[in-house]
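# Tertiary structure, described
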Amino acid sequence: MARRPLPRILTDSAPLARMANSTSLARSREFARTAADSASDVFHPLITIGRGLRRLGAAGRGRWVETPRDHRGPLAFFVGACVLVVCLVPYGPLLALVTVMGAGAWAGRERTPVDTGPAEAERERLRALYEALVPYFSVDGDPSPLYAHDGDWERAFPEYAFDEGGRIERLQLKYPAYFTDGEDQSRVRIEQVLYAKAGRGREYHFVWDELANQLTLTALGALPTDLVAQRFVTSPGETVLGFTDPDAVQRTLPVTAGEERRDAPPVLWRTGQRSTEPHLLILGQPGTGATTLLRSIALQALQHGEVLVIDGSGTGEYGCLVGRQGVLGVESGLAGALATLEWASHETERRLIAANRARQAGRSAPEDTRRPLWILADRPTALAHIAVAEGREDPQRWLQVPLRHGRAAQVTVVVADQFESAELLSEPVRAHTKARVVLGPATAEEVRAVLGAPPHTTPVASVPPGRGYARLGSAPVLRLQVPATPDPLDDATGQAHRQAVLALLPERTVPADGSGPAEPVTGGMSTDADKPVDVRKPEDVSSSADAGRPVSVSKSAGAAVVTPDGGTAAGGAGPADGADGAGGAGPADGAGSADGADGAASDTGQAGSSAEPVGAASRVRSVQRGETRVVNGSAEAVRAEG
């Protein structure tokens, strides 16, 4: 039935229209509104108390309903007892009334609603991000697309958070099940879109949950750069490469940053016979902290072992290690590097032979084979260029034996180089360095090429020195910040950092003779080639057959040579010559170096052909029980056996 219109007399009647628009009626409405507002202000406390009592009553009723039936009797008895006590106490009912009124006023107060949703600018940012993901998360023919133009972004973004600047700090998004989240290229495209829309200049961590079809984006803060070189609380065989995010590792170390002491999550590299990644490769751009990391590793390695440094760049960044106890040598020239690395190769073989003979005899390995030996090679490819120009062999050739058999012989190799020269690294270096570090700004492809896996964060273009990524074997890729370990001899180094590094350096090795003041040994090179230096103890001089012959430290084109008869070793002679002549560490006469018998016979004819670094293997003829023999090892071992 159609609706019938009202009669015109009730709509267009002049008296009714005049009555509705009359001044008296408008005044009455205003008066009623004012009276209602005044009454609301006057009775606002009572309204608040009444609202609170109603809420308290509802809460009490809900509590009574939730109480089990067998507990209601004791509860009612307790409430009645409380009411009786209040009634018997003087002024109890009045105090109870005041308490109830106050509780009602507190419970009935008007609470300002908390705006939990995003602001308008944040909503626009989320919508723009949603629209940018539509081409990647949608396909034609989807009956219920999760991502569509002008779609519901709240259904795709269940969780989100913003920082004080309005930028996305955390975002959890859902994606369709047909998205190829198992392919790296598909993941990289989505990460690039999120990096561009969430705000550049920050690092974002991505967690892909393939089972739930969810991706979580988290904005990472910068790693602390205030940590300097210090004595870390680690076990033998553990080396701190740097520090990472707190949720990336399960261990923390106490560290000191200025006057503050705190716990920091370290990136620990474990070496030794049970290590699965006994050697390390460091790559980066110039000035990104590779030398700093090598210097930090050297300071930690000197606590329990000996260090041999090859400075291919020749900039003198390791001058602070020259002449220190435990530092076998610091070589920057091609001849010295070849001789030193050749000796290290023979020393590795000697250790293997000695340890094998000890095991076959049912004894523990000799002490000199258990002491760790570290070979730190900084930019060996620079020496390879010089070797090619001079027609000599590549120094990396002598790293093959330490790399292949170093784990069993307690020999660890650390190689640092630049991205531009990475192709010149030898195949053994690439194959046997399972622990990898990338320093400085690098793309995801460069990080993947070095570490074997892409980083879970977006690399940034500008990073502080010592900042990069690390991966130990097949472990996940970790962010890394190397502790500041500058060269203390550099004028640009601050006083606090200089003192921190100097405090970690071992004492200098100062051989002394009985005639004059002692002079320090500097990097295997004598400060005065004409001054004789005796490396034996004063009480051992009288018992030696060569007590009248001073031991001189001569300077040659290669490494410095210690000869027992005061002669000068041939410049540039490799350790192979010295090893063969003195019964050294070569594979042919490794047995002689193990028991010291075979080497004595050959030492009489070729005593001056050794070309080993000072302190690395000082071949000193000494007399024990009336016979002359050759002693291989460090200066301390020479004194002990002499």
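Below: a short report on this structure. Everything numeric here is computed off the predicted structure, so don't read it as measured data. (Residues numbered from 1 in each chain as written. Predicted model: local features only at pLDDT ≥ 70, side-chain atom pairs only at ≥ 80, totals over all residues. Heavy atoms only, no water.)

Moving on, we get to the pattern of salt bridges. One pass over the structure, following the stated rule, counts 19 salt bridges. Measuring nitrogen to oxygen at the nearest pair gives 2.6 Å for the salt bridge that ties Arg479 to Glu203. Placement of the pair is Arg479 in strand E16 (residues 478-481) and Glu203 in strand E3 (residues 203-209), with a sequence separation of 276 residues. An identical accessibility class is assigned to Arg479 and Glu203; each is buried. Linking Glu260 and Arg262 is a salt bridge whose minimum nitrogen-to-oxygen distance equals 3.5 Å. For Glu260, a relative accessible area of 42% gives the class partly exposed. One connected set of salt bridges, linked through shared partners, spans Glu203, Asp245, Arg467 and Arg479. (Salt bridge = Lys/Arg side-chain N within 4 Å of Asp/Glu carboxyl O. Helix = DSSP H or I, 4+ residues; strand = E, 2+ residues; numbered from the N terminus. Buried < 20%, exposed > 50% of the residue type's maximum accessible area, 1.4 Å probe, protein only.)

With that settled, consider the environment of Ala503. Structurally, Ala503 can be placed in helix H17 (residues 495-504). When the C-alpha positions of Ala503 and Arg231 are compared, they lie 9.3 Å apart, and in sequence the two are 272 residues distant.

We now examine the packing of helix H4 (residues 44-66) against helix H6 (residues 92-107). For the pair H4 and H6, the least separation of the axes is 7 Å and the interaxial angle reads 90°. Taken together, the axis directions place H4 and H6 in an arrangement best described as roughly perpendicular. Between H4 and H6, the contacting residues are Thr48, Ile49, Gly52, Leu53, Arg55 and Leu56 on the first element and Val100, Met101, Ala103, Gly104, Ala105 and Ala107 on the second. Here the residues of the contact of H4 with H6 are counted per class, giving eight nonpolar, three polar and one charged. (Axes fitted to C-alpha atoms, helices over the stretch in contact; angles between N-to-C directions. Parallel < 35°, antiparallel > 145°, perpendicular 65-115°, else oblique. Contact = heavy atoms within 4.5 Å. Nonpolar A, V, L, I, M, F, W, Y, C, P; charged D, E, K, R; others polar.)

A few words now on the sheet that holds strand E4 (residues 214-220). As summarised here, the arrangement of the four strands in space is E1-E2-E4-E3, forming an open sheet in which the pairing is antiparallel. Every interior strand has two partners, whereas the edge strands, strand E1 (159-162) and E3, have only one. Neighbour-to-neighbour, the strand axes of the sheet open up by a mean angle of 15°, direction not taken into account. Where E1 meets strand E2 (residues 168-174), four bridges bridge the pair, whose relative direction is antiparallel. The partner of Glu159 across the bridge, within E2, is Gln172. In the packing of helix H9 (residues 184-198) onto the sheet, the strands contacted are E2, E3 and E4, and the crossing angle to E3 comes to about 140°. (Pairing = 2+ DSSP bridges.)

Let's shift gears to the pairing of strand E7 (residues 260-264). Examined bridge by bridge, strand E6 (residues 253-257) and E7 share five bridges and lie antiparallel to one another. Within the sheet, the bridge partner assigned to Val255 lies in E7 and is Arg262. Here E6 folds back onto E7 in antiparallel fashion, the turn holding two residues, of which Gly258 has a positive phi close to 70°.

Going through the model one piece at a time under the given rule, you end up with 13 aromatic pairs. When the ring of Tyr130 is compared with that of Phe157, the centres are 6.2 Å apart and the planes differ by 80°; the resulting orientation is edge-to-face. Pair noted here: Tyr130 is in helix H7 (residues 120-137) and Phe157 is in the loop between helix H8 (153-156) and E1, with a separation of 27 residues, a long-range link. When the centroid spacing of 5.6 Å and the interplanar angle of 70° are considered together, the rings of Tyr175 and Phe179 count as edge-to-face. Of the two residues, Tyr175 and Phe179, neither departs from the other in class, the shared state being buried. Following the ring pairs from residue to residue traces out a cluster consisting of Tyr130, Phe137, Tyr147, Phe157, Tyr175, Phe179 and Trp208. Here the guanidinium or amino end of Arg397 rests over the ring plane of Trp398, the centre of that ring lying 4.4 Å away. Across the ring face of Tyr469, the terminal group of Arg467 is positioned such that the distance to the ring centre comes to 5.6 Å. (Phe/Tyr/Trp six-rings, centres within 6.5 Å; stacked < 30°, edge-to-face > 60°. Lys NZ or Arg CZ within 6 Å of the ring centre and 35° of its normal.)

Attention now goes to the side chain of Asp311. The residue Asp311 is located in strand E10 (residues 306-311) in this model. It is Arg379 that comes nearest to the buried, bridge-free Asp311 among opposite-charge side chains, at 8.2 Å. Separated by 2.8 Å, the side chains of Asp311 and Ser313 make a polar contact. At 3.3 Å, the side chain of Asp311 and the backbone nitrogen of Gly316 are in polar contact. Every residue in contact with Asp311, bar those within four places of it in the chain, is listed here: Gly316, Glu317, Tyr318, Glu331, Ser332 and Asp378. (Lys, Arg positive; Asp, Glu negative; His and termini not counted. Polar contact = N/O pair within 3.5 Å; in protein donor to acceptor, adjacent residues only side chain to side chain.)

The biggest cluster of nonpolar side chains holds 37 residues, and the ones touching the most others in it are Leu241, Leu280, Ile282, Leu321, Leu376, Val414 and Val437. When residues of this core are assigned to their parent elements, the largest contribution, seven residues, is made by helix H10 (residues 290-301). Not counting residues up to four positions away in its chain, the partners in contact with Leu321 are Ala298, Leu299, Leu302, Val309, Val327, Val330 and Leu505. Within the second largest apolar cluster, 35 residues are counted, among which are Ala344, Ile375, Val429 and Val450. (Core = buried A, V, L, I, M, F, W, Y, C linked by side-chain atoms within 4.5 Å.)

Right, let's talk about the side chain of Gln230 for a bit. Summarising the element assignment, Gln230 is placed in the loop between E4 and strand E5 (238-243). Taking relative accessible area as the criterion, Gln230 reaches 15% and is therefore assigned buried. Only 2.9 Å separates the side chain of Gln230 from the backbone nitrogen of Thr256, close enough to count as a polar contact. Setting aside chain neighbours within four positions, we find Gln230 in contact with Val255, Thr256 and Leu504.

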